[in-house]
Structure formats: C-alpha cells, structure tokens
Amino acid sequence: MGLRPVRAMGLALLTGCLWAVAVSAASDKVRELEWDDLMPSDWNPVAIIEKALNGKKASELMDGSPEAQRFLTEYNSAMSTAPVVGELDGQRVRLAGFALPLEFGGMEVTEFLLVPYFGACIHVPPPPANQIVYVKTEKPYPVTGLYDAVQVTGTLQAKSYLNLLGDAGYTMEVKEVEPYL
Amino acid sequence: MAIVRLALQSVWNRQVTAGLTVLAVALSAAMLLGVEKVRRDARSAFADTISSTDLIVGARGGPVQLLLYSVFRIGDPTNDISWESYQHIEGLPEVSWTVPISLGDSHRGYRVMGTTQDYFEHYRYARRERLRFAAGAPFEEVFDAVLGAEVAKRLGYALGDPIEVAHGAGTVSMLTHEDKPFRVVGILEPTGTPVDRTVHLSLEGIEAMHVDWRAGVPIPALRVSPQEAEEMHLEPDAVTAVLVGLDSRVAVLRVQRYVNQYRGEPLQAIIPGVTLQQLWDMMSVAENALRGISIMVVVTGMLGMLTVILSSLEARRREMAVLRSVGARPLHVWGLFMSEAGALALFGVGLGITLFYALLAVARPFAAREFGLHLPVAPPGPWDLAILGFVVLAGFVAGCVPAIRAYRLSLSDGLSMRI
C-alpha cells in the first residue's frame, strides 16, 4: 500500500531528470569547428594572388623590386581583410589552436589570439584574418608553453567590420580555456 | 595518545640531536618554500610590468632582449631606431598610440628614460593600472624630470629639487651632464615595477643634454648653455624603442609582420605577452633544476633524520626493553618511533615556515633594491602546502624504518646485559 506513492514519486523524479538532461543537451549543443570552417567556401586566395600578380608569375618577380613590393602590399591587405563566415556568428562552438598571449593577469593569460599554428611566424606571412580568433577568458589560463595547444568553448562572434581599416575577424568570450591534448 | 606523549618526552630527553634534526628539516623546508616563492613571484612581477601594450618596436636583435631592455631596463639596447622610422610607425593606420622611449643615461645608478607625455597616458602595468602621481605632474619644460617612487624615496628628492644626469649606466660616472641640471616636477606612486627605479625625462631634455656632444664626448668649444639649448630645435634623431597600441588587437600579427619587413631600416616588433612566454619557456629549465635541487635538499634532511633515529636505537635498547617489560606491545614500540619521526618532521616543517617568513622579511628590501623583484608576503599556496604535507608524510614513513628494527628486537635483547 505504502509503496505506491513512493513509486509515483520515483517516476516523477526520473522523468524530471530525463527532461533536465534533454534540455541541457539541447542548450549545450556545441559545434566542433575546424579551422577550414572559418573560411567562407567561396573565398579563393589563389584568385587574389593571381589578381595581385597581374598576369605575371611569382618566380618572375625580383625580390625587393617595386612590382614585388606592390604585389606584397596588395596580397597582405587582401589577406588581412579576408572575409569571415557570417553564419557562424552567435553559434556555440569549440575550437582548438595555439594561444598567443596578449594580456596577463598575474601569471595567467586573460586575452590571447587563437591561431591554427605557431612557430612559423617568421618565414611566412601571418595567417589571414579569418584564421585568427581573438579570445577573452573569464577564468585566466595558466599557459604552460607556446607550443602547447588549447581548446576553447563559447559563443563565436563573426564581425565583418571591426574597424575603419575593414578588418574582419572572429572574437570569442569564454568562461575558461582547456588544454588540448 | 599516551604513545605520542611518551615519544615527545623521549625526544625531549635528547634535545640536542633532536634539535639539530629539526633544524635540518626546517632548513630544507625553508629552501623549498623560498625557491618556489622566487620562481612564482619573478614570473608574476614580470607579467605585471606591462599591460595593454600591443607591440614593442626596436632595433633588430633578439625579441627577449628587446623586451628586457625596453620594459625591464635589464641589459643594453642593441641599436637605436631612427626618428623617421618612428614617425612612419606612428602614422600607420592601425596604430592608435605610440610612446617612444630613449635610454642610455643614468642618475646615481638609476636608469634615465626619455619619453613623451603620452607615456603617463598610455603606459599600463598589472591588469591595466595607470601610472599615478604621488606629487606633481608630468614634465612640461625641457629640463623637467619625473621620478619613480623608489628613486625619490631612496635619494630623498622632493618636488623642485635639482638633479644632474650622468652619461652611461654606471652607479658613478666620470662624464656627467652637470652643466644642464634637471628639476623634479613629479613623483610617481609606487608600482612594484621597474618604473619605480626610473628617472623620466622628456625626449627634448635628453636631446638638450647631448646637444653639445660630438663623437660621444662633450666638446668644450661647442658648449651650449641650458637657456640656449631650450631655444634650439630639439627633435631627437633616434629613439631606443617604441611602445605601440593598436585600434584592434586582431591586427597585431599583421602590423608585427609589417614592421619586421620594413625596408627603411632593420626593425623588429614583438608582442610583449608572446615574448614573455618565450622568456619563461627558456627559464623553465633553470627553474626545474632549482626545484630538483631543493627537493634533493629535503631528501637529504629526511635521511639525516633517519640516521639520527637509527643510530639512537642502539642506545635505547634498554628503554625499549623496559617499555616492553611493563606491558608495551610491539605495536606500541612501532607507534613510538613513528610518532617520533613524524613529530620531528612536523616541528621541522613548522620551524621551516617560520624561518622562511623571517628570511623573507629580511630579504624583501634587498631583492627589491638589487633586482627589482618584489616579494609580497603571502600565505603558502596550495603547491607549497602539498609539498610541506608530503615532507611530514615522508617523516612518518621514514619512522617505519627504525620502527621495524625496534619491533624485531626481542625483549631479552634489551634486558640481558651485554657490554
């Protein structure tokens, strides 16, 4: 006799739990991003290079000649204003990369640039603007080394217009940063 | 509990050896705490010295070196950068503000830095703190000077005092700019950064000091009076480094690339945070070595304690036998030695903590003065506590060794008289 109310309560509790799990799963739906996903599918850097080359071959350009300079300037500005994927704006995403520290709080990093690679900065131009994510973290992260990858989860903001120079870019404000293993 | 009391009283009976053992453990614990403290505080002191600066531009060389001389006033600049290059960088569309700095002179051992009023506006330290004036205001005139907190305090300067600047960075100098004294117009509040140990002048002031210098020495025939110097056109030819703030931090990598590839002059731009991390990556080898040594010292302390207890075992055979004869079981004897070793380790660690804070109190002013290293007094962190807890635990474990020995000694062994 006395069992029935208990069982009913148990059922209610179980239903409640299931519902809570379902809801949290829905709101926590996080899209796992690859760095490729941050480039619009119709964005073609090769076309940009060819346009900047103006019908010439890159091997024909003399190092340091005015033409090469002009090509480099044009190419750089095209890369820095590389478009972002507008649909990603406001989506909850997870992304892994390398953290270039910009701001420290004590020994821990509070702001950094998330980039797809590190250590090649000297020899090749920096990654195009749509391959850099400017991250601010609520909980400072103790960076262990520049060559250790990190992973962030949060809402991505894709702005096609960041400043007067037409810089496009991604920003993210996250609660915490995790090491990426 | 009775066992513990018995153990303590037994230890008390051997005050000298026990005291020395406790001291050895205490010294090793203090060393461990000290190494950890310096390691951590050196890091955060460095990180707290620069904030909100996106790039530092200087002559080409090592990135770490540029960071060290431009921000921490450690080491010497590799080269200057021309005023034209500075103006070019200032004019870049991405750049929001620039602060040129010029190094190379000193005042009684404190570095002199030439800069503009923008320095007081834009320089930030420790989580975007601005520089604040304890007295006075930024320099206005050519021969005005603003002192860091420590310079003013240690040398006893007040507003309006005259100071003379020496050429070069020694604590004493044969070549001074005594003909063109500066006047203290501002004193900054303490920041806990190298700013405290800096004398700030205007770039025009630096230029005016050297206006009658040729080929690295003052030429008597060209002597220019301060009044004449003030009238002259005092645009500097070169600066040592430039702090740069950008409109958008997303552009940092691009501007860095641009400066590194600048054709007018070999320049380099560094992102302070990245270079700081590089510095730490380099230092971590030495840090780990230091850590390893301090752990070895702890192990040595523990072994010393073990030796003392083990060697006392022989002398205490009678003590053990008497205990056994009045009804102590082998387990009690075991407990006796465990508590003895544990107590020694515990007292050692306790004394070590006291010793560490006493040393810290003594070393603080010295470290701040000599190395610019600010060591705040703070309770031990979780890592410290874990390590200290481990030392105490190791003490208890070490107690097992003599405990096993004593446990094995039979009752008759101690009672039968053998000399």
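Residues numbered from 1 in each chain as written. Chains lettered and ligands numbered in written order. Predicted model: local features only at pLDDT ≥ 70, side-chain atom pairs only at ≥ 80, totals over all residues. Heavy atoms only, no water.

Draft legend 1. The packing of aromatic side chains, seen in detail. All names here are of chain B. On inspection of all chains with the given rule, the structure shows nine aromatic pairs over all chains. Relative to Phe139, the ring of Phe120 lies with its centre 5.4 Å away and its plane at 70°, an arrangement referred to as edge-to-face. Here Phe120, found in helix α5 (residues 118-122), pairs with Phe139, found in the loop between β7 (133-136) and β8 (144-147); they are 19 residues apart in sequence, far enough to count as distant. A relative accessible area of 3% means that Phe139 is categorised as buried. Ring plane angle 65° and centroid distance 5.2 Å describe the contact between Phe143 and Phe182, whose orientation is recorded as edge-to-face. Separated by 39 residues along the polypeptide, Phe143 in the loop between β7 and β8 and Phe182 in strand β11 (residues 182-188) bring together distant segments of the chain. Grouping residues by exposure puts Phe143 and Phe182 together as buried. An aromatic cluster is built from Tyr119, Phe120, Tyr123, Phe133 and Phe139, whose rings are joined through pairwise contacts. Above the face of the Trp383 ring, Arg291 is positioned so that its terminal group lies 4.5 Å from the ring centre. (Phe/Tyr/Trp six-rings, centres within 6.5 Å; stacked < 30°, edge-to-face > 60°. Helix = DSSP H or I, 4+ residues; strand = E, 2+ residues; numbered from the N terminus. Buried < 20%, exposed > 50% of the residue type's maximum accessible area, 1.4 Å probe, protein only. Lys NZ or Arg CZ within 6 Å of the ring centre and 35° of its normal.)

Draft legend 2. The arrangement of the pairing of strand β1 (residues 55-59) of chain B in detail. All names here are of chain B. Extensive coverage of β1 is indicated by the burial of five of its five residues. Alignment of β1 against strand β16 (residues 241-246), held across four bridges, turns out to be antiparallel. Looking across to β16, one finds that Ile56 is bridged to Leu243. The pairing of β1 with strand β17 (residues 267-270) spans four bridges and is classified as antiparallel. Its bridge partner lying in β17, Ala59 is registered against Leu267. (Pairing = 2+ DSSP bridges.)

Draft legend 3. Looking closely at the packing of helix α2 (residues 15-47) of chain B against helix α13 (residues 382-408) of chain B. Residues and elements named next belong to chain B. For the pair α2 and α13, interaxial distance at closest approach is 11 Å and the crossing angle is 160°. In terms of their interaxial angle, α2 and α13 are classed as roughly antiparallel. With respect to the hand of their crossing, α2 and α13 are arranged in right-handed fashion. Across the interface between the two elements, Val25, Ala29, Leu32, Leu33, Glu36 and Arg40 of α2 pack against Trp383, Asp384, Ile387, Leu388 and Val391 of α13. By residue class, the composition of the contact of α2 with α13 is eight nonpolar, no polar and three charged. (Axes fitted to C-alpha atoms, helices over the stretch in contact; angles between N-to-C directions. Parallel < 35°, antiparallel > 145°, perpendicular 65-115°, else oblique. Left-handed = near helix turned anticlockwise from the far one by under 90°. Contact = heavy atoms within 4.5 Å. Nonpolar A, V, L, I, M, F, W, Y, C, P; charged D, E, K, R; others polar.)

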